[in-house]
Amino acid sequence: MEALLNKLSEQQELTEEEIVWFLGHLTPELRQQLYSRASKVRKQHYGVSVYSRGLIEFSSFCRRDCLYCGLRRSNSSAERYRLTEDEIIECAAEGYELGYRSFVLQSGEDIHYSEQVMTTIVRKLKLRFPDAAVTLSVGERSEAFYRALYNAGADRYLLRHETASCVLYDSLHPGMSYDHRMDCLRILREIGYQVGAGFMVGLPGQTQRHLAEDLLFLKEFQPEMIGIGPFIPHSSTPLKHAAGGTVEDTLVMIAMARLMVPDALMPATTAMGTLDPSGREKALQAGANVVMPILSPLQIRSKYALYEQKICMGDEPEHCRSCLEMRIAVTGYRMEFSRGDHCRFNVQL
Ligand code: SAM
């Protein structure tokens with residue numbers, strides 16, 4: 001086991017068989033060693049900085065029907081909302097005042113926000129906050145859409161691959177195509193975005209071999225950003241009785257991803273904080289280096305319910321900022337308010 005851990009940290013790779021074997025033989029001591037090696041590698045690339053991104057969840061409408069997600073179109077009990085262009089810009093302005101220089105605009109796959117609507121929003125954001133980075137996370141769109149938004153000034157795009165197993169993907173995403181999602185990721189990369197991929201841990205039917213496939217996909221694709229979080233069942237979805245993912249299993253994936261893609265930007269997700277009050281801190285100590293405080297207006301926040309019991313639902317952005325800053329300081333890291341680009345991207349402002 002020690003030899004595999006050495007290979008992973010020195011050569012940044014393991015074969016599929018080695019990953020499966022490693023996952024099947026982990027002991028509490030080995031987990032700790034894995035986390036501390038991941039932390040060391042993260043420090044070599046990003047020091048003690050934890051980058052912050054103000055998250056604006058601007059629409060809970062979704063045309064997709066992913067079995068795991070509370071926003072799925074078949075969930076008739078979901079409350080839907082859309083923020084206007086002005087409301088989105090207001091959220092960013094509040095975040096900018098608090099010091100954030102990186103914003104993530106995320107939504108269900110809502111085509112109400114057409115290419116024209118989205119380019120207007122991005123242009124206005126870039127005009128008003130020229131020193132801030134804008135990340136989009138609005139799902140699968142056309143190449144023309146992605147290009148137009150990039151030309152309007154969007155810097156980054158998050159599109160988790162969700163699972164690198166085509167069979168598992170198909171079982172969770174009715175009417176969607178694994179190949180199309182992967183094509184979207186390649187197109188985003190080709191256009192020039194800093195691209196984020198990622199997956200959930202603890203999906204029904206997911207095996208250690210599936211997780212090995214996820215890690216190997218990340219190794220091959222080398223995304224600039226990697227989002228890994230536990231799957232949390234939502235009571236109004238077909239997966240309501242599933243067991244869901246655990247914090248420990250997710251930490252192992254975060255640490256292994258850090259060792260395989262050493263320079264990636266990796267968030268300590270809200271889902272980790274939801275399962276465990278110190279889940280985000282644990283993620284930071286296992287290789288994560290980004291936090292994403294929510295800037296959406298308080299009155300609509302609980303309606304962006306991918307899963308239930310989400311944390312920070314009633315916290316004003318100012319409170320979120322100081323709470324996170326303190327949590328991060330306790331782990332020995334420091335919250336950063338710069339654009340927080342990937343180290344390969346030298347963005348000229
Ligand atoms: N619609 C966009 C897309 O498809 O990329 C972005 C929004 S989507 C709701 C954001 C992410 O939430 C998904 O990529 C998925 O990994 C995660 N997610 C959805 N349901 C979840 C659940 N029940 N537990 C944990 N994460 C979930």
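This structure is a prediction, so every number in the text was calculated from the model and none was measured.

Caption draft 1: Quick peek at the side chain of Thr 163. Along the chain, Thr 163 turns up in the loop between strand E5 (156–158) and helix H7 (166–172). At a separation of 3.1 Å, a polar atom in the side chain of Thr 163 contacts the main-chain amide nitrogen of Ser 165.

Caption draft 2: Up close: the pattern of salt bridges. In the structure shown here, the tally under the stated rule is 29 salt bridges. The salt bridge involving Asp 155 is made with Arg 339; its shortest N-O contact spans 3.1 Å. Taken together, the residues Asp 155 in the loop between helix H6 (143–151) and E5 and Arg 339 in the segment after strand E9 (334–336) connect sequence positions 184 residues apart. Among the charged side chains, a salt-bridge network with shared partners connects Arg 63, Arg 64, Glu 109, Glu 140, Glu 162 and Arg 181.

Caption draft 3: Structural context of the environment of Lys 303. Note that Lys 303 resides in the loop between helix H13 (298–301) and helix H14 (317–330). Filtering out sequence-adjacent residues up to four positions away, Lys 303 remains in contact with Ser 60, Leu 71, Glu 79 and Tyr 81.

Caption draft 4: Looking closely at the site of the ligand. In the vicinity of the ligand there are 19 residues, among which Tyr 68, Ser 107, Arg 160, Glu 162 and Ile 232 approach most closely. The contact in question runs from a nitrogen atom of the ligand to an N or O atom on the backbone of Ser 107, over 3.0 Å. One of the side-chain N or O atoms of Glu 162 is found 2.5 Å from an oxygen atom in the ligand. Isolated, the ligand exposes 560 Å² of accessible area, and the fraction of that covered by the protein chains is 91%. The residue inventory of the shell around the ligand, partitioned by class, reads 10 nonpolar, 5 polar and 4 charged.

Caption draft 5: Expanded view of the sheet that holds strand E8 (residues 290–291). Pairing in this open sheet of 3 strands is parallel, and the strands run E8-E1-E9 from one edge to the other. Looking at which strands have only one partner, the edges of the open sheet turn out to be E8 and E9. Bridge count for strand E1 (residues 49–52) against E9 is 3 bridges, and the pairing is parallel. Residue pairing for E9: Val 50 is matched across the bridge by Met 335. Contacting E1, E8 and E9, H14 runs over the sheet at an angle of about 140° to E9.

Caption draft 6: Local environment of the UniProt feature "binding site: [4Fe-4S] cluster" (unreviewed entry) in the protein. UniProt's entry tags Cys 62, Cys 66 and Cys 69 with the feature "binding site: [4Fe-4S] cluster" (unreviewed entry), counted in the numbering of this structure. Along the chain, the position of Cys 62 falls in the loop between strand E2 (54–59) and helix H4 (85–97). Apart from residues no more than four positions distant in its own chain, Cys 62 is found in contact with Leu 71, Arg 73, Arg 80, Gly 108 and Glu 109. Structurally, Cys 69 is set in the loop between E2 and H4. Cys 69 gets classed as buried once you look at its relative accessible area, which sits at 15%.

Caption draft 7: Structural detail: the UniProt feature "domain: Radical SAM core" (unreviewed entry) in the protein. The feature "domain: Radical SAM core" (unreviewed entry), as annotated in UniProt, sits at residues 48–263 in this numbering. As a span, residues 48–263 carries 39% helix and 18% strand, and end to end its C-alpha atoms are 14 Å apart.

Caption draft 8: Up close: the environment of Gln 116. Looking at the element boundaries, Gln 116 is found in helix H5 (residues 115–128). With a relative accessible area of 62%, Gln 116 lands in the exposed category. Distance in space between the C-alpha atoms of Gln 116 and Ala 148 is 8.8 Å, their sequence separation being 32 residues.

Caption draft 9: Broad picture of the packing of aromatic side chains. Using the criterion set out here, one finds 11 aromatic pairs in the structure. Taking 5.7 Å as the distance between ring centres and 70° as the angle between the ring planes, the aromatic pair formed by Tyr 169 and Tyr 178 counts as edge-to-face. Classification of Tyr 169 by relative accessible area gives buried; the value is 0%. Among the aromatic side chains, those forming a connected cluster through ring pairs are Phe 145, Tyr 146, Tyr 150, Tyr 157 and Tyr 193. Across the ring face of Phe 221, the terminal group of Arg 189 is positioned such that the distance to the ring centre comes to 4.4 Å.

Caption draft 10: Fine view of the pairing of strand E3 (residues 102–107). Most of E3 sits out of view: 6 of its 6 residues are buried. As paired elements, E2 and E3 share 5 bridges and run parallel to each other. Residue pairing for E3: Leu 55 is matched across the bridge by Val 104. Handedness of the crossover joining E2 and E3 through H4 is recorded here as right-handed. For the crossover that starts at E3, traverses H5 and ends in the parallel strand E4 (residues 133–137), the hand is right-handed.

Reading the values: the criteria
Here, residues in each chain are numbered from 1, in the same order as that chain's written sequence. Reporting in this predicted model follows two pLDDT cut-offs: at least 70 for local features of residues, and 80 or more for side-chain atom pairs to be given and counted; totals over whole chains, interfaces and linings ignore these cut-offs and use all residues. For side-chain calculations, the full set of non-hydrogen atoms in the structure is used, while hydrogens and water are omitted. Numbering of helices and strands runs from the N terminus, with a helix taken as a DSSP run of H or I at least four residues long and a strand as a DSSP run of E at least two residues long. Here a polar contact is taken to be a pair of N or O atoms separated by no more than 3.5 Å, where protein atoms must pair a possible hydrogen donor with a possible acceptor and residues adjacent in sequence count only if both atoms sit in side chains. What counts as a salt bridge is simple: a side-chain nitrogen of Lys or Arg found within 4 Å of a carboxyl oxygen of Asp or Glu. Only heavy atoms matter for contacts: two residues are in contact if any of them lie within 4.5 Å across the pair. Being near a molecule or strand, for a residue, comes down to having at least one heavy atom within 4 Å of it. Residue burial considers only the protein chains on display, and all accessible areas are found by Shrake-Rupley using a 1.4 Å probe. Each residue is assigned to one of three groups, with Ala, Val, Leu, Ile, Met, Phe, Trp, Tyr, Cys and Pro labelled nonpolar, Asp, Glu, Lys and Arg labelled charged, and all others, Gly among them, labelled polar. Pairing between two strands is assigned when DSSP locates at least 2 bridges connecting them. Axes here refer to lines fitted to C-alpha atoms; in helices the fit is confined to the stretch in contact. Angles between the N-to-C directions go from 0 to 180 degrees. UniProt positions are given in the numbering used here, feature names are shortened, and annotations may be inferred rather than shown by experiment. Exposure is judged per residue with a 1.4 Å probe applied to protein chains only, and the accessible area is read against the type maximum: over 50% gives exposed, under 20% gives buried, and values in between give partly exposed. Here a pair means two rings of Phe, Tyr or Trp (six-membered ring of Trp) with centres within 6.5 Å. Their orientation is stacked below 30 degrees between planes, edge-to-face above 60, and tilted elsewhere. Look at NZ for Lys and CZ for Arg. If either is within 6 Å of the ring centre and within 35 degrees of the ring normal, a charge sits over the ring. A clockwise course of the path from the first strand over the helix to the second, judged with the strands pointing away from the viewer, identifies a crossover as right-handed.

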